[in-house]
Amino acid sequence: NQTRSQRVTLGTTLNYSPVSWFRNRFTVGLDNTSSTAEVLSLPGESSDEPTGAFNQQVPRTTVYTIDYAGNAEHSFSSALVSTTSVGAQVVSNKSESLFGQGIGLGAPTVTVLGSATTRTSTNTYSEQNSVGYYGQEQLAWNNRLFLIGAVRFDNNSAFGANFYRIAYPKLSASYVVSEEPSLQ
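Residues numbered from 1 in each chain as written. Predicted model: local features only at pLDDT ≥ 70, side-chain atom pairs only at ≥ 80, totals over all residues. Heavy atoms only, no water.

A. Quick peek at the sheet that holds strand β2 (residues 22–41). Read from one edge to the other, the open sheet built from 7 strands follows the order β1-β2-β3-β4-β5-β6-β7, with strand pairing classed as antiparallel. Each edge of the open sheet is held by one strand with a lone partner, namely β1 (2–19) and β7 (166–175). Neighbour to neighbour, the strand axes of the sheet diverge by 10 degrees on average, direction disregarded. In the sheet, strand β4 (residues 80–103) pairs with strand β5 (residues 118–141) via 24 bridges, with the strands oriented antiparallel. Among the inter-strand pairings, Gln 101 is bridged to a residue of β5, identified as Thr 120. (Pairing = 2+ DSSP bridges. Helix = DSSP H or I, 4+ residues; strand = E, 2+ residues; numbered from the N terminus. Axes fitted to C-alpha atoms, helices over the stretch in contact; angles between N-to-C directions.)

B. Examining the pairing of strand β3 (residues 53–75) more closely. When β2 meets β3, the two strands line up antiparallel, connected through 18 bridges. Paired with Arg 23 across the bridge in β3 is Asn 71. Looking at chain direction, β3 and β4 are connected through 23 bridges and run antiparallel. Each bridged residue has a counterpart across the sheet, and for Ser 75 the counterpart in β4 is Val 81. Where β3 folds back on β4, the antiparallel hairpin that results is connected by 4 residues.

C. Up close: a nonpolar patch on the surface. On the surface, Phe 76, Leu 80, Leu 139, Trp 141, Leu 145, Leu 147, Tyr 175, Val 177 and Leu 183 cluster together to form a nonpolar patch covering roughly 810 Å² of accessible area. Those elements giving two or more residues to the nonpolar patch turn out to be β5 and β6 (145–156). Mapped onto the secondary structure, Leu 147 falls in strand β6. A relative accessible area of 42% means that Leu 147 is categorised as partly exposed. (Patch = residues over 30% accessible without salt bridge, like charges linked within 9 Å, V, L, I, M, F, W, Y side chains within 5 Å. Areas by Shrake-Rupley, 256 points an atom, 1.4 Å probe, with all protein chains shown as cover. Salt bridge = Lys/Arg side-chain N within 4 Å of Asp/Glu carboxyl O. Buried < 20%, exposed > 50% of the residue type's maximum accessible area, 1.4 Å probe, protein only.)

D. Representation of the packing of aromatic side chains within the structure. All chains considered together, the criterion is met by 2 aromatic pairs. Above the face of the Phe 153 ring, Arg 165 is positioned so that its terminal group lies 5.1 Å from the ring centre. (Phe/Tyr/Trp six-rings, centres within 6.5 Å; stacked < 30°, edge-to-face > 60°. Lys NZ or Arg CZ within 6 Å of the ring centre and 35° of its normal.)

E. Fine view of the pattern of salt bridges. Counted under the stated rule, the structure contains 5 salt bridges. Across the salt bridge formed by Arg 4 and Glu 38, the nearest N and O atoms sit 3.8 Å from each other. In this pair, Arg 4 is assigned in strand β1 and Glu 38 in strand β2, connecting sequence segments 34 residues apart. Exposure remark for Arg 4: the relative accessible area of 41% places this residue in the partly exposed category. Residue Glu 38 is classed as buried on the basis of its relative accessible area, which comes to 15%. The partner of Arg 152 in a salt bridge is Asp 154, with the nearest N and O atoms 3.1 Å apart.

F. Spatial organisation of the pairing of β6. In this structure, β5 lies alongside β6, joined through 12 bridges in antiparallel fashion. The residue bridging Glu 137 from the neighbouring strand is Gly 149, located in β6. Linking β5 to β6, which pair antiparallel, is a turn of 3 residues; within it Asn 142 sits at a positive phi near 50 degrees. As paired elements, β6 and β7 share 10 bridges and run antiparallel to each other. Across the sheet, the residue bridging to Arg 152 is Tyr 168, located in β7.

Okay, structure coming up:
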């Protein structure tokens, strides 16, 4: 009885600022996992399967990611700074699992699933893709008062074929009291 797994995770990020006020970040990634799980019961070892049994499951999962974020900063004055942000993400997740069972191995030296007298198998597959993008505007006054407005749009294959996308608006304000000159 054994389980073996192999996993490969790769990723890289590229940061690029063509001018001081415009920053870009581009990230790509891959996460690939493949496993094999085997359970062997030789003939005569188990009262559950006296003729022997061999079960094998092979799950595989692959996830691809792409992410972009861009920020443009503009100072209207020494007190008022605007940061405009845009971005997008793509995630693709694919999973497959193969399962095989063999009953009736015949002899202790026969441990191959295909040699069993009764064989069954199943296969499952799923794929989910997600695309999202956003825009955000942040106004900062004296690095203390922040006003943020944003909207994010997402589309996911899990939403179904008749669903186009969903929007998530955002509006927030914050005040950082510790930045007040009288408290420093």
